[in-house]
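Observations on the model geometry
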Amino acid sequence: MKWISLFFMLVTLNCLAQKPTIYGIGDSTMANKVKPEENPERGWGQLFPQFLTDKITFDNRAVNGRSTRSFINEKLWDAVFQKLKKGDYVFIQFGHNDEKEKDSLRYTNPHTAYRHNLIRFVTETREKGATPILFSSVTRRNFNEKGVLISTHGEYTLEARLVAQEYNVPFIDMEYLSELAEQSYGPEKSKQLHLHFKAGEIPYYKEDKADDTHFSVKGATEMAKIAAEELKKTNLDLKKYIK
């Protein structure tokens, strides 16, 4: 009996000593990128840990090209769900690939499948005693000829907001906040936040590159900083882990 009691005491102490983990689930705008020593592209989740203390772990499970549908169907969510424990957090940010109407493996109707997939992430996170946080999609650098930044996310941001309101989930409106960042740089300088390179300008790109969706180190750092600053304004216990 003494050994059994000791065993359970050690298990309890080990659980108490475990750091909480933030899991990032989403698409390429959040994901870690390959060959960072050569590749100038970054996801904001890749750079988010620099804004955290060493008292919490950030596990970035976001994957390039995934929508809520494909993230679930490819069992990527199951892999996160199995590891979730009480006191953890899940950052949820999808939309870019849910919008792809010509791709049956990724597209979701914003008012039906997208909404219900977000609800699933929220409710299953809470089942494990963890805390979900919803993020709207970051904006694309989509200035028109008059220098007006035009949204490409349609109803997806609205549905993320509505799910957050209905289920009392913390909501970080990254679309609005990233719009402000893009606009502060303006139509030309905002290229610095993204991937604009002439052929041969850097070894990684042999041809011209003009990508207004994905981020440079500068852009991803800006987005990660925005997320950290907004989280510090919430009532979440998480904010004590943000520098």
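So, unusual backbone geometry
In the Ramachandran plot, Lys35 falls in the positive-phi region, its phi being about 45° despite a non-glycine side chain. Topologically, Lys35 is positioned in the loop between strand S1 (21-26) and helix H2 (44-47). Phi at Lys75 takes a positive value of approximately 65°, unusual for a residue other than glycine. Relative to the assigned elements, Lys75 resides in the loop between helix H3 (68-73) and helix H4 (76-83). Judged by relative accessible area, which is 53%, Lys75 ranks as exposed.

Thoughts on the packing of H4 against helix H5 (residues 110-127)
Contact pair H4 / H5: the axes reach a minimum separation of 9 Å and the direction vectors enclose 20°. Between H4 and H5, the interaxial angle falls into the category roughly parallel. Handedness of the H4/H5 crossing: right-handed. For the pair formed by H4 and H5, the contact residues are Trp77, Asp78 and Phe81 on the first element and Arg120, Phe121, Glu124, Thr125 and Glu127 on the second. Classifying every residue of the contact of H4 with H5 by side-chain character gives three nonpolar, one polar and four charged.

Parameters at a glance
Residues numbered from 1 in each chain as written. Predicted model: local features only at pLDDT ≥ 70, side-chain atom pairs only at ≥ 80, totals over all residues. Heavy atoms only, no water. Helix = DSSP H or I, 4+ residues; strand = E, 2+ residues; numbered from the N terminus. Buried < 20%, exposed > 50% of the residue type's maximum accessible area, 1.4 Å probe, protein only. Axes fitted to C-alpha atoms, helices over the stretch in contact; angles between N-to-C directions. Parallel < 35°, antiparallel > 145°, perpendicular 65-115°, else oblique. Left-handed = near helix turned anticlockwise from the far one by under 90°. Contact = heavy atoms within 4.5 Å. Nonpolar A, V, L, I, M, F, W, Y, C, P; charged D, E, K, R; others polar.

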